[in-house]
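Here are the chains, one letter per residue:
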Amino acid sequence: MMENMKKILTPKRVLSLIVFILVLIFGFQNMGSVKLSIIFFSLDIPLLILIFAIYIIGVFTGWAVKRSDVKKIVDSAQDETRKELKELQEQLKNK
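Note that this is a predicted model, so its numbers are computed, not measured.

Asks: Give me the UniProt feature "transmembrane region" (unreviewed entry) in the protein: which residues, what numbers.
Replies: When the UniProt feature table is mapped onto this chain numbering, "transmembrane region" (unreviewed entry) sits at residues 47-65. Along residues 47-65 one finds 95% helix and 0% strand; the C-alpha atoms at either end are 27 Å apart.

Structure below.
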């Protein structure tokens, strides 16, 4: 049973839950209305809805840009740098 809890409550999930709770607290403390202007129109919405909408957009963006994708980009850049470094070292040896 304890192993199942460890699998479910990973540090990433605990941190995500803490951030979500903080966003909830922040949102419910800001219940006022704000004017939102988007391109050609504007509307009055509760700040709470705006906070949650921006949070959801951030979560979706984070999910869309997976960590593995970023890791592939970094690995590719490191490989290119290593190749260029080897070429420069060979050029220095040949001089």
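Asks: Tell me about the packing of helix H2 (residues 11-29) against helix H3 (residues 47-64), residues and numbers included.
Replies: Two elements in contact, H2 and H3, have axes whose closest approach is 8 Å; the angle formed by their N-to-C orientations is 160 degrees. By the angle class used here, H2 and H3 are roughly antiparallel. Classified by chirality, the crossing of H3 by H2 is right-handed. Taken together, the residues of H3 that come into contact with H2 (itself represented by Ser16, Val19, Phe20, Val23, Leu24, Phe26, Gly27 and Phe28) are Leu48, Ile51, Phe52 and Tyr55. Looking at side-chain class alone, the contact of H2 with H3 contains 10 nonpolar, 2 polar and no charged residues.

Asks: Mind laying out a nonpolar patch on the surface, listing which residues take part and the relevant values?
Replies: Residues Ile8, Leu9, Val14, Leu17, Ile18, Phe20, Ile21, Leu22 and Ile25 make up a contiguous nonpolar surface patch of roughly 790 Å² in combined accessible area. When residues of the nonpolar patch are assigned to their parent elements, the largest contribution, 7 residues, is made by H2. Owing to a relative accessible area of 47%, Leu9 belongs among the partly exposed residues under this scheme.

Asks: Can you break down the pairing of strand E1 (residues 33-38) residue by residue, with the values?
Replies: Each regular strand displays side chains that alternate between the two surfaces of the sheet. Judged by how many residues are buried, E1 sits mostly at the surface: 0 of 6 residues are covered. When E1 meets strand E2 (residues 41-46), the two strands line up antiparallel, connected through 6 bridges. For Ile38, the partnering residue across the bridge sits in E2 and is Phe41.

Asks: Lay out a negative patch on the surface with the relevant residues and their values.
Replies: Taken together, the side chains of Glu80, Glu84, Glu87 and Glu90 make up a negatively charged region of the molecular surface. Among the structural elements, Glu80 can be located in helix H4 (residues 67-94).

Asks: Describe the environment of Ser16, listing the residues and the values that go with them.
Replies: Looking at the element boundaries, Ser16 is found in helix H2. C-alpha of Ser16 to C-alpha of Ile49: the two residues are 33 residues apart in sequence and 20 Å apart in space.

Asks: Quick rundown of the pattern of salt bridges? Include the residues and the values.
Replies: Counted under the stated rule, the structure contains 1 salt bridge. As a salt-bridge pair, Arg82 and Asp79 come within 3.3 Å of each other at their nearest N and O atoms. Taken together, the positions of Arg82 and Asp79, both in helix H4 and 3 residues apart, correspond to about one turn of that helix. Since its relative accessible area comes to 40%, Asp79 is described here as partly exposed.

Scoring rules and cut-offs
- Every chain is numbered on its own, with residues counted from 1 as its sequence reads.
- In view of the model being predicted, local features appear only for residues whose pLDDT reaches at least 70, and side-chain atom pairs are presented and counted only at 80 or more, with totals across whole chains, interfaces and linings using the full set of residues.
- Note that the side-chain values use all heavy atoms of the structure and ignore hydrogens as well as water.
- UniProt positions are given in the numbering used here, feature names are shortened, and annotations may be inferred rather than shown by experiment.
- A helix here means a DSSP run of H or I that spans at least four residues, while a strand means a run of E at least two residues long, and both kinds are numbered starting from the N terminus.
- What counts as an axis is a line fitted to C-alpha atoms, over the stretch in contact for a helix, and the angles between N-to-C directions run from 0 to 180 degrees.
- Angles are sorted into four bins: roughly parallel if under 35 degrees, roughly antiparallel if over 145, roughly perpendicular if 65 to 115, and oblique for all others.
- Two helices that cross are described as forming a left-handed crossing if the nearer one is turned anticlockwise from the farther one by less than a right angle, and a right-handed crossing if clockwise.
- Residues count as neighbours in contact if any of their non-hydrogen atoms are within 4.5 Å of one another.
- Each residue is assigned to one of three groups, with Ala, Val, Leu, Ile, Met, Phe, Trp, Tyr, Cys and Pro labelled nonpolar, Asp, Glu, Lys and Arg labelled charged, and all others, Gly among them, labelled polar.
- Each patch is built from salt-bridge-free residues with over 30% relative accessible area, joining like charges within 9 Å and nonpolar side chains (Val, Leu, Ile, Met, Phe, Trp, Tyr) within 5 Å.
- With residues, only the protein chains shown are counted as cover, and all accessible areas are computed by Shrake-Rupley using a 1.4 Å probe.
- By salt bridge we mean one thing: a side-chain nitrogen of Lys or Arg within 4 Å of a carboxyl oxygen of Asp or Glu.
- Relative accessibility under 20% of the residue-type maximum defines a buried residue, over 50% an exposed one, and the middle range a partly exposed one, all with a 1.4 Å probe and only protein chains included.
- Should DSSP find at least two bridges between two strands, the strands are regarded as paired.
- When charges are counted, Lys and Arg contribute as positive and Asp and Glu as negative, whereas His and the chain ends are disregarded.
- One atom stands in for each charge, and that atom is NZ of Lys, CZ of Arg, CG of Asp or CD of Glu.

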